[in-house]
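# Survey of secondary and tertiary structure
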Amino acid sequence: MEAWARWCYRHKAVVLVLWVAALLGLGAASTTAGSNYSDVFTLPDTDSTEAYDRMAQAFPERSGDTDTVVWRVDTGTVRDASVRERIEPALSAIAAMPGVGEVRSPYGTDAAAGQISETGRIAYAQVTFAEQANAVPKELVQDVVDTARDAERAGLQIEVGGQAITRIQEPPTGIAEGVGILAAAVVLFLAFGSVFSMLLPIVVAVFGVGTGMLSTGLLGHVTDVPEVAPLLGSLIGLGVGIDYALFIVTRHRKNILRGRAPEDAAVLALNTSGRAVLFAGGTVCIALAGMLVMRMRFLDGVVIATSLTVVLSVLAAVTLLPALLGLLGERVLSRRQRARLAASGPESEEAKGLAARWSATVQKRPRAVAVVALAVMAALAVPLLSLRLGATDQGNHPEDTTTRQAYDLLAEGFGPGFNGPLQLVAEVGGTAEDRAAVDGLVERVRTERGVAMATALPTPPEASVAVIQVVPTTSPQSEQTDELIDRLRDDIVPESGLEVHVGGVTATFKDFAAVTGERLPAFVAAIIGLGFLLLLVAFRSLVVPLTAALMNLIAAAASFGVLVAVFQWGWGTELLGIGKEGPITAFLPVIMLSLLFGLSMDYQVFLVSRMHEEWVHTRDNARAVRVGLAETSRVINCAALIMICVFSAFVLSGDLEGAMAGIGLAAAVALDAFILRTALVPAAMHLLGRSNWWLPQWLDKRLPHLAVEPAEETPAPGKMPEATPGTTSGPTHATAVHGFVRSPEGEPVRSATLTLLTPAGRQLDRVESLADGSYILAAPAPGPYAMTVTAPGYESQTRHIVIGEEPTVHDLVLEETAVDAVN
């Protein structure tokens, strides 16, 4: 990583040209090829899929998207001549449009039964396109809507509903992403105080997400990629892209402020935080790949889109970012920071301010902090007990949309179940017995509780299937409709003597919810188990990964509780402008759990890795937890705040599933960063003490060694010594620090343990003070270092020192009642 980072830094022009060329090339290819997303909402070996497949084989001409034009009159009936004179020309014009396969009017001779309500005030026409909704040109859809709405007059309301119509109601692509980026820019500027530092993470994220989205669009031509996949890919890509760059830029700026030259600071940042980013990005991709355990074809495309975007975001962070750092040099610091560095020299590494004070509070009152944090998470998780998976439809759209108005008009005129009819697809052989059996099935279904209407649809005599359309008395999202589907499948269909499959959109999403519920435990076990193994190898502990697994489950429960309260209970849906409450989309828990697991692992790695470094060097658990929290909580909270802004902005995407994912993930990140990682995790680790780091010796010998943040070399500040030909590059000028360790009364402290560390925490030398309290520690080169000192009966201390060309004198005074530099 070090050599790669230095190459990217020095060859910044080449790296920038390659990234710009990649983005422009993918953009040109995507413009030429276009997108080819497909919504594959079918599950193998389910009843609804069997029904769909038989319908598609028997009636391929009906495979296009069917939308609805619905109208209502305030006075009179829809049969009045004045109404027909306005509606029929509009329907004829729509039927004549290229790309419209059929228009079935209530006024024609082939009108289906019941296209006019019993009151005579509401009617509808069915418009069947030649393609599925996502393939119908938006221009054609807009023409259909405009033609229908132009026929309106006072007392005549006309609305249009359907999947194709929904597409033209979506806000322009990029609004959600733009708002998220703008909010992230504000947070970054407040955090860094520098315009250049603010722009770096954003530019890196834009390149990563841009290449990811364009690549996903091209992949749609060779594999099934659902239309929601790019939205989810951009959502997670923006979040992790900005955050990963933030971690590296923060480390780079600290390195410069502590006396390193810009190139050395960038190389060190990539060799430490950059490696952590690679590890974190890998865990996110592995978590996303866990969705494959569900064996849902629809999710395969989501895995491809999101994983590809994360990979490209990580690649941009470790290649494009060092090139941009090379372009900026010291301008990555604000003017005030550059002036202070020139006037006062390198700054100390000790943690200060609110983070250090909060860390000390958690250490003093771990039980109280843990109880409060658990109480908050438990309260937020309560709504999870009423979670119901299902499908959202146009009845959940905002009230001012034409699709919602059409949905409500159809429910008013024909009953709430009209918007989600069921289809009973029966295998028939053309015999009189089969036809009689179908007629008998229709009559039996009509008498069933919860059925408003059952009608055999017209089919050619030679057709191999018969289709019965069943309109429930309850809405598609009602539990009574689910119960009706169960009764049809379990009781009524077996009695018919025919092979019958129950299909339709409502039945399809019910099957999705059932399969999700069955496979979800295995999926959760897989991603939790994977996280346990990764943390076990990284931190050489059994308790740390167990704690992380428990925290992930708590975070998931609380975030889903928030999701249920907002979208299922309706606490704020209309206020947020995202429509009416309803069940949680069936596939959303799988996607959210994958993303939540990956993001939680990121924060856990950044937090615990610093604690682990301190534990390795001091074997003081209280100090390790306190220092780790004090030094990482600020950057974790800043990163979380950026992700919250990005995720919340997807409420503006115009896609209800995208809004659900955005709100759910924003809540998950907020709870994870501000309550779990900042309060509950460190409180629990204080309570567990040294057992946090327990690992059986036999297991330790068998585990592979994985360094999340490997130690870096320690070059002199300002300039890296050049390597001579035939030798290994690196610092060559050794020096030392020496002095005395004394008590407040001036007495020598004997057998105090002193350790010299690199700024990243790698141990360089360790000695014990002599009888007179003297010590000497060897340093490989001049530069900034950290030095820890511990002694029985005294408070441990950490000092940050700069060692010069000549041996540096540094005396220490230990006090029993003193607090160390972190406090």
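To keep things clear, this report deals only with the structure shown in the data block. Because the structure is predicted, anything quoted here is derived from the model rather than measured.

### Notes on the overall build of the protein chain
Within the protein chain, the secondary structure is distributed over 24 helices and 18 strands. Within the protein chain, the fraction of its 823 residues that count as buried is 57%. Restricting the contact set of the protein chain to residue pairs at least 6 apart, pairs at least 24 apart contribute 77%. Accessible area for the protein chain stands at about 33,500 Å²; split by element, carbon and sulfur atoms hold 58% of it.

### Here's the deal with the sheet that holds strand β1 (residues 66-73)
The four strands lie next to each other as β2-β3-β1-β4, forming an open sheet whose pairing is antiparallel. Because the sheet does not close on itself, it has two edges, and the strands there are β2 (100-104) and β4 (156-161). Going across the sheet, the axis of each strand differs from the next one's by a mean of 20°, ignoring polarity. The sheet contact formed by β2 and strand β3 (residues 122-129) spans four bridges and is antiparallel. For Val100, the partnering residue across the bridge sits in β3 and is Phe129. The sheet strands contacting helix α4 (residues 81-95) are β1, β2, β3 and β4, and the helix crosses β2 at an angle near 160°. Against the sheet, helix α5 (residues 138-149) makes contact with β1, β2, β3 and β4, and its axis sits at roughly 165° relative to β4, the strand it touches most.

### Quick word on the pattern of salt bridges
Enumeration according to the criterion identifies 22 salt bridges in this entry. Between Arg6 and Glu263 there is a salt bridge, and its shortest N-O distance comes to 2.9 Å. Pair noted here: Arg6 is in helix α1 (residues 2-10) and Glu263 is in helix α10 (residues 262-289), with a separation of 257 residues, a long-range link. Among the residues examined, Arg6 registers a relative accessible area of 15% and is labelled buried. A salt bridge links Asp672 to Arg677; the shortest N-O distance between them is 2.8 Å. With respect to burial, Asp672 and Arg677 carry one shared label: buried. Within this structure, Arg6, Arg10, Glu263 and Asp264 form a network of salt bridges that share partners.

### Let's talk about helix α9 (residues 228-257)
A rise of 1.5 Å per residue sets the reference length of α9, with its 30 residues, at 44 Å; its end C-alpha atoms lie 44 Å apart and thus fit the reference within 8%. Within α9, 29 of the 30 residues are buried, leaving the element largely enclosed by the surrounding structure.

### Side note on a negative patch on the surface
Judged by side-chain charge, Glu139, Asp143, Asp146 and Asp150 come together as a negatively charged surface patch. Among the structural elements, Glu139 can be located in helix α5. Residue Glu139 is classed as exposed on the basis of its relative accessible area of 58%.

### Notes on empty space enclosed by the protein
The probe, sized like a water molecule, is rolled over the atoms to show the empty space still left. According to the stated counting rule, one finds four cavities of 30 Å³ or more in the structure shown. Its boundaries defined by the atoms lining it, the second largest cavity holds a volume of some 40 Å³. Along its surface, the second largest cavity is lined by Ile528, Gly531, Phe532, Leu535, Pro545, Ala548, Ala549, Asn552, Phe597 and Met601. Residue assignment for the lining of the second largest cavity shows that the elements contributing at least two residues are α18 (505-539), α19 (543-568) and α21 (588-618).

### What about the environment of His221?
Tracing the chain through its elements places His221 in the loop between α8 (195-219) and α9. Among the residues examined, His221 registers a relative accessible area of 35% and is labelled partly exposed. Expressed as a C-alpha distance, the spacing of His221 and Ala33, which sit 188 residues apart in the sequence, is 8.5 Å.

### Considering α5
Between its first and last C-alpha, α5 extends 16 Å over 12 residues, near the 16 Å set by a 1.5 Å rise per residue. For α5, every residue scored as buried is listed here: Leu140, Val141, Val144, Val145 and Ala148. All buried residues of α5 lie within an arc of 135° about the axis, which places them on one face of the element. Contacts from the buried residues of α5 go to β1, α4, β2, β3, β4 and α6 (163-169).

### Regarding the pairing of β3
Burial within β3 is extensive, with seven of its eight residues counted as buried. Sheet analysis places β1 next to β3, joined by seven bridges and oriented antiparallel. Within the sheet, the bridge partner assigned to Val69 lies in β3 and is Ala125.

### So, the sheet that holds strand β9 (residues 500-503)
A sheet is described by the order of its strands in space; here four strands give the open sequence β7-β8-β6-β9, paired in antiparallel fashion. The open sheet has two edge strands, β7 (451-456) and β9, and neither has a second partner. Averaged over all pairs of adjacent strands, the angle between strand axes in this sheet comes to 20°, irrespective of strand direction. Where β7 lies against strand β8 (residues 465-472), five bridges are found, and the strand directions are antiparallel. If you follow Thr455 over to β8, its bridge partner there is Gln469. Lying over the sheet, helix α3 (residues 47-58) contacts β6 (422-427), β8 and β9, oriented at roughly 100° with respect to β9.

### Concerning a nonpolar patch on the surface
Side chains of Val186, Phe189, Leu190, Val195, Phe196 and Leu199 sit close together on the surface and give an oily, nonpolar patch of about 550 Å² of accessible area. Counting only elements with at least two residues in the nonpolar patch, the list comes to α7 (175-192) and α8. Mapped onto the secondary structure, Leu190 falls in helix α7. Leu190 gets classed as exposed once you look at its relative accessible area, which sits at 69%.

### Quick look at the environment of Ala683
Checked against the element boundaries, Ala683 lands in helix α23 (residues 656-688). Classification of Ala683 by relative accessible area gives buried; the value is 0%. Residues Ala683 and Lys364 lie 319 residues apart in sequence; the distance between their C-alpha atoms is 9.4 Å. The contacts of Ala683, once residues within four sequence positions are left out, are Val362, Pro366, Val369 and Ala370.

### Considering the packing of aromatic side chains
For the coordinates displayed, the defined rule picks out nine aromatic pairs. Ring centres of Trp4 and Trp7 lie 6.0 Å apart, and the angle between their planes is 15°; this geometry places the pair in the stacked category. Here the residue Trp4 and the residue Trp7 both occupy positions in helix α1, the gap between them amounting to three residues, near one helical turn. Assessed through its relative accessible area of 42%, Trp4 is described here as partly exposed. Here the aromatic rings of Trp19 and Phe207 are separated by 6.3 Å at their centres, their planes lie at 85°, and the arrangement is edge-to-face. Of the two residues, Trp19 sits in helix α2 (residues 12-33) while Phe207 sits in helix α8, which places them 188 residues apart along the sequence. Both residues of the pair, Trp19 and Phe207, belong to the buried class. An aromatic cluster of three or more residues is present, and its members are Tyr124, Phe414 and Phe418. Taking NZ or CZ as reference, Arg331 lies 5.6 Å from the ring centre of Phe196, over its face.

### Observations concerning the nonpolar core
Within the largest apolar cluster, 159 residues are counted, with the highest numbers of intra-cluster contacts made by Met291, Leu299, Phe567, Ile642 and Phe647. By residue number, the principal contributor to this core is α23, which donates 20 residues. Among residues more than four places away in sequence, those in contact with Leu299 are Met291, Met294, Phe587, Val590 and Ile591. Counting 30 residues, the second-largest nonpolar core is a separate cluster that includes Val83, Ile94, Ala123 and Ala164.

So, how was this worked out
- Each chain carries its own residue numbering, running from 1 in the direction its sequence is written.
- Only residues with pLDDT of 70 or above have their local features reported here, since the model is predicted, and side-chain atom pairs are shown and tallied only from 80 upward, although totals for entire chains, interfaces and linings are computed over all residues.
- By convention in this description, side-chain values take in all heavy atoms of the structure and omit both hydrogens and water.
- The secondary structure listing takes helices from DSSP runs of H or I that are at least 4 residues long and strands from runs of E that are at least 2 residues long, numbered from the N terminus.
- Each residue is assigned to one of three classes by its accessible area relative to the maximum for its type, calculated with a 1.4 Å probe on protein chains only: buried under 20%, partly exposed between the two thresholds, exposed over 50%.
- What makes two residues a contact is simply this: any of their non-hydrogen atoms within 4.5 Å.
- Accessible surface area values rest on a Shrake-Rupley calculation with a 1.4 Å probe, where residue burial reflects the displayed protein chains alone.
- Strand pairing requires that DSSP identify at least two bridges connecting the strands.
- Geometry is summarised by axes, namely lines fitted to C-alpha atoms with helices restricted to the contacting stretch, and by angles between N-to-C directions that run from 0 to 180 degrees.
- What counts as a salt bridge is simple: a side-chain nitrogen of Lys or Arg found within 4 Å of a carboxyl oxygen of Asp or Glu.
- Helix span, as expected, comes to 1.5 Å for every residue beyond the first.
- To count toward a patch, a residue needs a relative accessible area above 30% and no salt bridge. Like charges then connect within 9 Å, nonpolar side chains (Val, Leu, Ile, Met, Phe, Trp, Tyr) within 5 Å.
- Just so you know, the count uses Lys and Arg for positive and Asp and Glu for negative, and it drops His and the chain ends.
- Charge coordinates come from a single atom per side chain, which is NZ of Lys, CZ of Arg, CG of Asp or CD of Glu.
- Only protein atoms enter the 1 Å grid used here. Points where a 1.4 Å probe fits but cannot escape make up a cavity, open sets with protein on both sides within 12 Å along at least five of seven lines make up a pocket, and a residue lines them when an atom lies within 4 Å of a point.
- Grid points are joined across faces, edges and corners, and a volume is the space filled by probe spheres set on the points.
- Working definition: the arc comes from the directions between the helix axis and the C-beta atoms, pointing outward to the latter.
- Pairing of aromatic rings covers Phe, Tyr and Trp, the last through its six-membered ring, and needs centres within 6.5 Å; plane angles under 30 degrees mean stacked, over 60 mean edge-to-face, and all others mean tilted.
- By definition here, charges over rings are those cases where NZ of Lys or CZ of Arg is within 6 Å of the ring centre and within 35 degrees of the ring normal.
- Side-chain atoms within 4.5 Å link the members of a nonpolar core, which is a set of buried Ala, Val, Leu, Ile, Met, Phe, Trp, Tyr and Cys residues.

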